[in-house]
Amino acid sequence: QVWLVESGGGLVQAGGSLRLSCVASGLTFSRYVMGWFRQAPGKEREFVAAITWSGGVTNTADSVKGRFTISRDNAKNTVYLQMNSLKPEDMAVYYCAASSGVVIPTPRTNAYNYWGQGTQVTVSS
């Protein structure tokens, strides 16, 4: 059984930083494109960032480019999302996801096979 478990969410003031982690089990982690998505209340789930198997190529949404960085450690089966200069509009539940069907860091939600349960990020102004 595949598990993706996110952690690192919490309450932070605007301008602050958080680092999210997602530990995967039950899959060959190094063969999966990994992504981060978020969903705010009343809104659709949206792409944040994704990273290829090796970590050599990343894709980041324009809304967070220059502030958020995705990375991975295949030895630890973990993908990270470093979030800096947080804004109130970044407040959402953040989900990590794994895709075995692509080789590029795709933003397409339906390309991802497995999803975590999410971690809440709250940004106070």
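Residues numbered from 1 in each chain as written. Predicted model: local features only at pLDDT ≥ 70, side-chain atom pairs only at ≥ 80, totals over all residues. Heavy atoms only, no water.

Chemist: Looking at this structure, I do not really get the state of the cysteines. What am I missing?
Modeler: By definition, a disulfide links the sulfur atoms of two cysteine residues through a covalent bond. Counted by the stated rule, this structure contains one disulfide. Shown here is the disulfide that connects Cys 22 with Cys 96, its sulfur atoms set 1.9 Å apart. Placement of Cys 22 in strand E3 (residues 18-25) and of Cys 96 in strand E9 (residues 92-99) is noted, with a sequence separation of 74 residues between them. (Disulfide = S-S within 2.5 Å. Helix = DSSP H or I, 4+ residues; strand = E, 2+ residues; numbered from the N terminus.)

Chemist: How should I be thinking about the side chain of Arg 67 in this particular structure?
Modeler: Structurally, the position occupied by Arg 67 is in the loop between strand E6 (58-60) and strand E7 (68-73). At 3.0 Å, the side chain of Arg 67 forms a polar contact with the backbone oxygen of Ser 63. In this structure Arg 67 touches Gln 82, Met 83, Asn 84, Ser 85, Leu 86, Lys 87 and Asp 90, once residues within four positions along its chain are discounted. (Polar contact = N/O pair within 3.5 Å; in protein donor to acceptor, adjacent residues only side chain to side chain. Contact = heavy atoms within 4.5 Å.)

Chemist: Looking at this structure, I do not really get the nonpolar core. What am I missing?
Modeler: One broad rule of soluble globular proteins: the nonpolar side chains tend to lie buried together. Ranked by size, the top nonpolar core spans 37 residues in total, and within it Trp 36, Val 79, Leu 81, Met 83 and Tyr 94 carry the most contacts. At the level of secondary structure, the elements contributing two or more residues to this core comprise E3, strand E4 (33-39), strand E5 (46-51), E7, strand E8 (78-83), E9 and strand E11 (119-124). Setting aside residues up to four positions removed in sequence, Tyr 94 forms contacts with Glu 6, Leu 20, Trp 36, Phe 37, Arg 38, Val 48, Phe 68, Leu 81, Met 83, Gly 118, Thr 119 and Val 121. (Core = buried A, V, L, I, M, F, W, Y, C linked by side-chain atoms within 4.5 Å. Buried < 20%, exposed > 50% of the residue type's maximum accessible area, 1.4 Å probe, protein only.)

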